[in-house]
Structures are given as structure tokens and as C-alpha cells.
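Below, each chain spelled out in residue letters.
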Amino acid sequence: MKRVFSGVQPTGNIHIGNYLGALKQFVELQDENQCIYCIVDLHSITVPQDPRELRKHILDVAALYMAVGIDPEKSIIFVQSDVSGHAELSWILTCNSYTGELSRMTQFKDKSKGRESAPAGLFTYPILMAADILLYDSDIVPVGNDQKQHIELCRDIAIRVNNTVKKTFVVPEGRFLKAGARIMALDDPSSKMSKSAENIHSRISLLDDDGKIKKSIMRATTDSEGEIRFDPEAKPGISNLMNIYSAFSGESLEDIQTSYSGKGYGDFKKDLVGIVQEAMAPIKKNFNEIRETQELKDILTLGAEKAGAIAEKTMKRVKENFGLGF
């Protein structure tokens, strides 16, 4: 069995873009692979966090992992900071990385834009991500398309160490959504859907109530043409909504376009509201059943023990190959 690793930050409500881009893949992979899924709390502190809110969000994400279908009997679920190997390996990889390659990361450019100076953690964030992946000898990393550059950096670092020090790391492969299936913001289809956007109607979170889902979809940006046609360049708004419709209904974009030939955006949006509400209902039900239980914390504790045992073996090999310790 191949080993799969991925993680989600515990910052705010997870939205349908996160679900379709990553969590849905997590569930699909767990039946035929050894899967390790992490709540990456160390990544979240690259920006200031309220400690109480952060701890709440950690448990929220853990509960959502299970609510969408990740089975702790099949997959390891744990919190990143509970396994010290992540930070330890990150430092070793930092010493084998270069400022030039880090400064080319588009996410760092976006997040530091307009600042005279940015937190060092924001700059070295991709190295910690590489450490997360390499710590578990991961073969497959299911992530959204926006993480492609980070996966490539991880591969470059692994290959560099393997070639210059000693064969130490498994070189992972990214598993990405097919082209065209990226979910964009409802109010601005030129930007990806974001947990941190000021406009709450720019996204649909997995725990949104039916009223919020309806309001966000009905307010979604389209165009003045009125024709339901998939054309991301000329019609980014309606194309984004069609992607969402297709992802949740299982219908192809071609079939959706045919079904709504001659119909207006109002009819299409109303149907989309029902489709999304129906898809979110079991997730919210499952979340509410597990979120406040001791079982959730027990699963995370056991998951950290299992992940820690794997990480310990990797770190022993890493230290030996780098000449650390005695």
C-alpha cells in the first residue's frame, strides 16, 4: 500500500473549495492506501491567532475530517504540534533550502504584498510543509491546485538531499484536481474561494445553515448575458457555479449546459441551492454528533501516537544520514 499524507489548517470554517479540492480526495484514497491526515496547527501561527479560538478550530477540523467520511479505523488523524518531528525536520530542511527558491513562492508574494517586512514563518512556511510530507515517507499528497508549487519545492528538497547527502527521503507525488475544477470566490470568480475573505458570501462553509447557503448562491456574481454556458474566460461567474453544480451532482458540464438551455440564472441558482444544501446536510449532522465527545480527543491522542512512531523512525534515519547526535 502506498502512503498518503495531507493536512488542513485550523483557521476558520472549512469551505466547499477545501472540501472538493482536498477533503473529498482524502476520503477516496483511504480504502486502498495507508493515509495520514493532519490538522496543521503550526502552519496557522504564521499569522497571529487567538489561542482559545485556535484550539476550538483544531477540534472543529478534526470533527469535520470524520464528518466528511475519514474513518479513524482506516486513517491516522492527529494534530501536527503533537509530533515534534515536524519542527525538528523543518529546521534540517531549512538548512538545505535557499532563499531564492523560497522568494519565488507565489503564496508568499501574495501574503506579503504591500508589507515592508513579513514574518519569517510566512517565508519558510513551504519548508515546514515539506517536512510534514517527508516525515512520513509519503508517496501521494492530495492537495488543491494552488499547492502545486509547494509540492514541487518539497520534491526538489528531497531530491537535493538524496543526491548531496545520502538517499534519505521518498520523493512524493502530488494528487491534484483535474484542470478547470478549481472552486472560486462567489463574489469574485477571478479569486479562489478563501476562508479569510471579508465577505462571508464569497464562500460556502461546510457548517453554513440552509439560509446562508441560499443567500450566498443567489448573490453570486454572474454576468448580464443570461445564457448558462461553461466558458471560464468569458463567463467566469456562471462557469464557477457550474463547476460547483457538477462536483456535487455528478453531472457533466455538458449535461448541465443542455439541461438549462433556454432557462435563466434564477432557475439554475435555485436548483444549485438545493443540491448544495442536500450535500451539506449529512456533513453537518455527523459533525454535531462527534464534535463535543471525548471520543474525538481520544482519536487525536491515539493518532498522534501512531504518527509519532512513524516519524521517530524517519528522524532516526535523517539524523544518521546527516551525522547528528552520537
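Think of each chain on its own: its residues are numbered from 1, step by step along the sequence as written. At least 70 in pLDDT is required for a residue's local features to be given in this predicted model, at least 80 for side-chain atom pairs to be given and counted, and no such filter applies to totals for whole chains, interfaces and linings, which use all residues. Here the side-chain values reflect all heavy atoms present in the structure, with hydrogen atoms and water set aside.

## Comments concerning the pairing of strand β1 (residues 3-8)
Note the cut-off: A simple rule labels every residue: compare its accessible area, found with a 1.4 Å probe on the protein chains alone, to the largest value its type can have, and call it buried under 20%, exposed over 50%, or partly exposed in between. Put simply, DSSP H or I for four residues or longer makes a helix, DSSP E for two residues or longer makes a strand, and each gets a number counted from the N terminus. Note: two strands are recorded as paired if DSSP finds a minimum of 2 bridges between them. Looking down the strands as they point away from you, a crossover is right-handed if its path from the first strand over the helix to the second goes clockwise.
Among the six residues of β1, five are classified as buried, and the element is accordingly described as predominantly covered. Summarising the sheet, β1 and strand β2 (residues 34-39) pair through six bridges and their orientation is parallel. Each residue of the ladder has a partner; that of phenylalanine 5, found in β2, is isoleucine 36. Regarding the hand of the β-α-β motif, the stretch spanning β1, helix α1 (residues 16-29) and β2 is right-handed.

## Let's talk about helix α3 (residues 51-67)
To keep it simple, the criterion reads: For a helix, the expected span equals 1.5 Å multiplied by the residue count minus one. Pairs of N or O atoms within 3.5 Å make up the polar contacts considered here, provided that, within protein, one atom can donate a hydrogen while the other can accept it, and that residues adjacent in sequence are counted only when both atoms are side-chain atoms.
Helix length check: α3, at 17 residues, gives a terminal C-alpha distance of 24 Å against a target of 24 Å (1.5 Å per residue), a fit within 8%. With respect to burial, α3 is a largely interior element, 12 of its 17 residues being buried. Those residues of α3 that sit buried are Leu54, His57, Ile58, Leu59, Asp60, Val61, Ala62, Ala63, Leu64, Tyr65, Met66 and Ala67. Where α3 starts, the residue carrying a side-chain oxygen 3.0 Å from the main-chain nitrogen of arginine 52 turns out to be aspartate 50. Looking at the residues trailing α3, positive phi occurs at glycine 69, about 125°.

## What to know about the pattern of salt bridges
Quick note on the threshold: Here, a salt bridge means any Lys or Arg side-chain nitrogen found within 4 Å of an Asp or Glu carboxyl oxygen.
Evaluation of the coordinates by the stated rule reveals 17 salt bridges. Across the pair aspartate 208 and lysine 212 runs a salt bridge, and its minimum N-O distance is 3.0 Å. A relative accessible area of 13% means that lysine 212 is categorised as buried. A salt bridge links arginine 229 to aspartate 231, with the nearest nitrogen and oxygen atoms 3.5 Å apart. Using a relative accessible area of 21% as the deciding quantity, one classes arginine 229 as partly exposed.

## Focus: the packing of α1 against helix α10 (residues 236-249)
What counts is decided by this rule: Geometry is summarised by axes, namely lines fitted to C-alpha atoms with helices restricted to the contacting stretch, and by angles between N-to-C directions that run from 0 to 180 degrees. Throughout this description, any angle smaller than 35 degrees is read as roughly parallel, any larger than 145 degrees as roughly antiparallel, any in the 65 to 115 degree range as roughly perpendicular, and the remainder as oblique. Less than a right angle of anticlockwise turn of the near helix away from the far helix marks a crossing as left-handed, whereas a clockwise turn marks it as right-handed. Whether two residues are in contact is decided by their heavy atoms, any of which lying within 4.5 Å being enough. As a working rule, the residues Ala, Val, Leu, Ile, Met, Phe, Trp, Tyr, Cys and Pro are called nonpolar, Asp, Glu, Lys and Arg charged, and the rest polar, with Gly in that last group.
Between α1 and α10, whose axes approach to 11 Å, the crossing angle comes to 45°. In this view, α1 runs oblique relative to α10, as classed from their interaxial angle. Relative to α10, the crossing made by α1 is left-handed. On the side of α1, the interface is formed by Ile16, Tyr19, Leu20 and Lys24, while α10 contributes Ile244, Ala247 and Phe248. Within the contact of α1 with α10, the residues separate by chemical class into six nonpolar, no polar and one charged.

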